[in-house]
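Now for the letters of each chain:
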Amino acid sequence: MAQVAISNVAKAFGTVKVLHDVSVDIADGQFVVLVGPSGCGKSTLLRMVAGLETVSGGTIAIGERVVNHLPPAKRDIAMVFQNYALYPHKTVEQNMAFALKLRKTDPAVVAERVKRAADILDLNPYLKRYPRQLSGGQRQRVAMGRAIVRNPQVFLFDEPLSNLDAKLRVQMRTEIKELHQRLKTTTIYVTHDQIEAMTMADKIVVMRDGRIEQVGAPLELFDRPANLFVAGFIGSPS
Ligand code: ADP
Ligand code: MG
């Protein structure tokens, strides 16, 4: 596991600046939620941590290393997306094993890691099924399984529950938190949902228009919002 330090990070697409001087420190093992309205720059920031977008200014460090110029595969992170991005023609087991096989991992290690992930996520009955034969929640579990098998230093989640219905969202929230309590992997979780932020985060980062409005524990933000935007955003139902 590792700490993540985002220091004075900026991002421009051409002449359009979408992130301005963003700094966030995430402690080893912490579960940090980036929350804010659609378009405020959450995904862009997460993708920069993942190495899927270049950094226009500032630095991103994972553990002891500044990773600005490291490709995604060398960053020791695993990302879970909203749309699952499972391979339709691979079984659950093959989906989970694929990234490890690409890295030429010893087959015995692959088998052991897939088994462990399946145990943790209750996926054992579904290992031979294809994604189309699974429910939305099961697919999202497979997507998490693919992240877990890599034993990453950092988990990155981008709105992983937004395609699920309300009831399943509540259940998956609990499952992701239990997963974190069990593995204690440093996590950055992006959502536009205040309830997810309030119930899941050790620390919430509230963003608006490419800037950070406030950082704090859920109750801190609720009790002492820095401004009306945070008060309105954290205080209102999703
Ligand atoms: P969020 O995830 O908070 O909804 P994003 O990070 O996706 O926000 O987007 C932040 C801003 O950056 C938006 O205005 C979006 O249109 C813009 N943006 C994101 N990706 C690109 C891109 N590849 N090219 C140009 N603009 C982009
Ligand atoms: Mg987004």
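First, a word on what this report is: a plain description of the structure on this page. (Residues numbered from 1 in each chain as written. Chains lettered and ligands numbered in written order. Predicted model: local features only at pLDDT ≥ 70, side-chain atom pairs only at ≥ 80, totals over all residues. Heavy atoms only, no water.)

**Some details on the sheet that holds strand β10 (residues 211-216)**
Thinking step 1. Strand order in this open sheet of 6 strands is β6-β7-β8-β3-β9-β10, and the pairing throughout is mixed. Two strands lie at the open edges of the sheet, namely β6 (77-80) and β10, each paired on one side alone. Mean inter-strand twist for the sheet, computed between neighbouring axes without regard to direction, equals 15 degrees.
Thinking step 2. Relative to strand β8 (residues 186-191), strand β3 (residues 31-35) runs parallel, the two sharing 5 bridges. Residue pairing across strands places Val 35 opposite Thr 191, the latter belonging to β8. (Pairing = 2+ DSSP bridges. Helix = DSSP H or I, 4+ residues; strand = E, 2+ residues; numbered from the N terminus. Axes fitted to C-alpha atoms, helices over the stretch in contact; angles between N-to-C directions.)

**Regarding the site of ligand 1**
Thinking step 1. Around ligand 1 lies a shell formed by Phe 13, Val 18, Pro 37, Ser 38, Gly 39, Cys 40, Gly 41, Lys 42, Ser 43 and Thr 44.
Thinking step 2. Gly 39 places a main-chain nitrogen or oxygen 2.6 Å from an oxygen atom of ligand 1.
Thinking step 3. For ligand 1, whose free accessible area comes to 560 Å², the fraction covered by protein is 56%.
Thinking step 4. If you tally residues by element for the shell around ligand 1, the top one is helix α1 (residues 42-50), at 3 residues.
Thinking step 5. The class makeup of the residues in the shell around ligand 1 is 4 nonpolar, 5 polar and 1 charged. (Near = heavy atom within 4 Å. Polar contact = N/O pair within 3.5 Å; in protein donor to acceptor, adjacent residues only side chain to side chain. Areas by Shrake-Rupley, 256 points an atom, 1.4 Å probe, with all protein chains shown as cover. Nonpolar A, V, L, I, M, F, W, Y, C, P; charged D, E, K, R; others polar.)

**Re the environment of Phe 98**
Thinking step 1. By secondary structure assignment, the location of Phe 98 is in helix α2 (residues 92-102).
Thinking step 2. Exposure remark for Phe 98: the relative accessible area of 25% places this residue in the partly exposed category.
Thinking step 3. Spatially, the C-alpha atom of Phe 98 lies 44 Å from that of Pro 225, the residues being 127 residues apart in sequence.
Thinking step 4. If we ignore the near neighbours within four places in the chain, the residues touching Phe 98 are Tyr 87 and Lys 90. (Buried < 20%, exposed > 50% of the residue type's maximum accessible area, 1.4 Å probe, protein only. Contact = heavy atoms within 4.5 Å.)

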